[in-house]
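Here is what each chain is made of, one letter per residue.
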Amino acid sequence: MTSSRLTGFLNDIVPMLCQVFGKLICYRGPMQLQRTGLWKLAVEALFYIVEDSLCALERCAGRACMVEADRFWDVLSSSFAKVVEVLATSDEDTSLLSQVCANLLMQRLLVCAKTPINIAERAVGLLQVLVRQSGMGSPSLRHFFALCETAQEEPIDGEDAKLSVVSATAKGVQAPVPRIPSREALLSIAAPALVEYVRNLFSCYLQEEEARQRGGSASSALHRVQEVRLALTHLRRLDADDAVVAVAAPNAEKAQMACKLAGKKGLVMALLPQLSALAPSGDPEVRKLVREVLQELAAHLELT
């Protein structure tokens, strides 16, 4: 397909299809469309259109498509926003669709070299909404760690590497995140959000554990402990760079110096008070993970 034809396709056909499926997805009439297979089919069709369009755009030679496809980006961004809004307010179980949406934002939209920076910033904002919607145990949280990570993940081998985002998510395949062209510009949003999420998670867990020790309900604490374990596992593996630490460190001068001194473990240093509070946790797995995180910080600072 020539550049001009591809531009026409992106400017005309794709927005039209996105608008049609968007109306189905956002339908609020008496039919309770979200309880039908037609609604899920519309969401999946939109996801496939977006994924294939981004792949086509990535292969387009020259800058003509990027400059002329303004309508494509506007409709794409608004379509995602509508889907996220519907997923957040739906009474049905939309956890899998939420995962697909988050993975599509991270693994296709953000990694596309032609994605405008304002669209990329909106995508990170939608990832934030998905985290708030699904809780700290949300797979979307992994994407914030990935944005702050400097090490490359191991590539997927075999047939799994050929799967679409929809199919890979349904199979539980965690695809590695390629380099994101606008990563440094997005860190000012992603890194502080990640630190805030983890701090709030640890704080909620400690409050619930204290309430449980006083004889309160254990159900919420048992649910939260899984989220804390997941966050600690991600944090133990996280190696941040200077750009991440610069925007995520506390405002106090001494705190910034300490985080900078910690280097790639700067985010761990920023969370040191919360990690110390977790050390005597009643859950043995949480205690073990906290100990490992702090040991790696000490080893990096050559304190051991």
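The protein is annotated in an unreviewed UniProt entry as Indole-3-acetate beta-glucosyltransferase of Durusdinium trenchii.

Draft legend 1. Broad picture of the overall build of the protein. Looking only at helices and strands, the protein features 15 helices and 0 strands. Residue burial in the protein is summarised as follows: out of 304 residues, 46% are buried. In the protein, of all internal contacts separated by at least 6 residues, the share reaching a separation of at least 24 is 74%. Total accessible area on the protein is roughly 15,200 Å²; 53% of this is exposed by carbon and sulfur atoms.

Draft legend 2. View of the UniProt feature "repeat: HEAT" (unreviewed entry) in the protein. UniProt tags residues 271-304 as "repeat: HEAT" (unreviewed entry). Regarding residues 271-304, the helix share stands at 71% and the strand share at 0%, and the terminal C-alpha atoms are separated by 20 Å.

Draft legend 3. Broad picture of the packing of aromatic side chains. Applying the stated criterion across every chain, the model contains 2 aromatic pairs. Relative to Tyr197, the ring of Phe144 lies with its centre 5.6 Å away and its plane at 85 degrees, an arrangement referred to as edge-to-face. On the criterion of sequence distance, the pair formed by Phe144 in helix H7 (residues 140-148) and Tyr197 in helix H9 (residues 183-213) is long-range, its members being 53 residues apart. The class of Tyr197 is buried, set by a relative accessible area of 8%.

Conventions adopted
Residues numbered from 1 in each chain as written. Predicted model: local features only at pLDDT ≥ 70, side-chain atom pairs only at ≥ 80, totals over all residues. Heavy atoms only, no water. Helix = DSSP H or I, 4+ residues; strand = E, 2+ residues; numbered from the N terminus. Buried < 20%, exposed > 50% of the residue type's maximum accessible area, 1.4 Å probe, protein only. Contact = heavy atoms within 4.5 Å. Areas by Shrake-Rupley, 256 points an atom, 1.4 Å probe, with all protein chains shown as cover. UniProt positions renumbered as here; feature names shortened; annotations may be inferred. Phe/Tyr/Trp six-rings, centres within 6.5 Å; stacked < 30°, edge-to-face > 60°.

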